[in-house]
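An overview of the molecular structure
Each chain is listed here by its residues.
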Amino acid sequence: MGIEDYGGGQGPQPDVLVVTTNDVPGHRVEQVIGEVFGLTVRSRHLGSQIGAGLKSMIGGELKGLTKTLVETRNQAMERLVEQARVRGANAVLAFRFDVTEAADVGTEVCAYGTAVVVARQ
């Protein structure tokens, strides 16, 4: 896996801007639409679990699990952006991820934030 496989986030010109801050410099919030989230639960496949078990005995990064988590986070963020877009937002403020284990069968990832309409000042 190259470094590009470990990242996520948005491209250079998103139609729905997603930021971790509470405001966007140079913009004003015109309308608060409300909370939006994107949720996904992924299970680990057998090969990944066996590989992770073996790797954990000798140490090092669990690349298969890392790749799965990156893909899962990206999917959760895509769902958040789609929900914001459908509700009429052009930005999401205070964006965060929440990651938990789901009943020992997978990983739940929730991307959440506040959908808003912003305009340049």
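As a starting point, this report considers the structure included with it. (Residues numbered from 1 in each chain as written. Predicted model: local features only at pLDDT ≥ 70, side-chain atom pairs only at ≥ 80, totals over all residues. Heavy atoms only, no water.)

Side note on the nonpolar core
- With 14 residues, the main nonpolar core has V18, V36, L80, A84, V92 and F95 as its most contacted residues.
- Looking at which element gives the most residues to this core, the answer is helix α2 (residues 63–86), with five residues.
- Not counting the four nearest positions on each side in its chain, V36 is found in contact with L80, Q83, A84, R87, V92, A111, Y112, G113 and A115.
- If you look at the next biggest cluster of nonpolar residues, it comprises six residues, including V19, V24, A91 and V116. (Core = buried A, V, L, I, M, F, W, Y, C linked by side-chain atoms within 4.5 Å. Buried < 20%, exposed > 50% of the residue type's maximum accessible area, 1.4 Å probe, protein only. Helix = DSSP H or I, 4+ residues; strand = E, 2+ residues; numbered from the N terminus. Contact = heavy atoms within 4.5 Å.)

Digging into α2
- Given a rise of 1.5 Å per residue, 24 residues ought to cover 34 Å, and the 35 Å separating the end C-alpha atoms of α2 matches this to within 8%.
- Backbone geometry just downstream of α2 places G88 in the positive-phi region, at approximately 95 degrees. (Expected span 1.5 Å × (residues − 1).)

Some points on the pairing of strand β3 (residues 91–102)
- Of the strand pairs in this sheet, strand β1 (residues 17–18) and β3 are connected by two bridges, and their pairing is parallel. For V18, the partnering residue across the bridge sits in β3 and is V92.
- With 10 bridges connecting them, β3 and strand β4 (residues 106–120) associate as antiparallel partners. For A102, the partnering residue across the bridge sits in β4 and is G106.
- Connecting β3 to the antiparallel partner β4 that follows it, the hairpin turn spans three residues, and A103 within it adopts a positive phi of roughly 50 degrees. (Pairing = 2+ DSSP bridges.)

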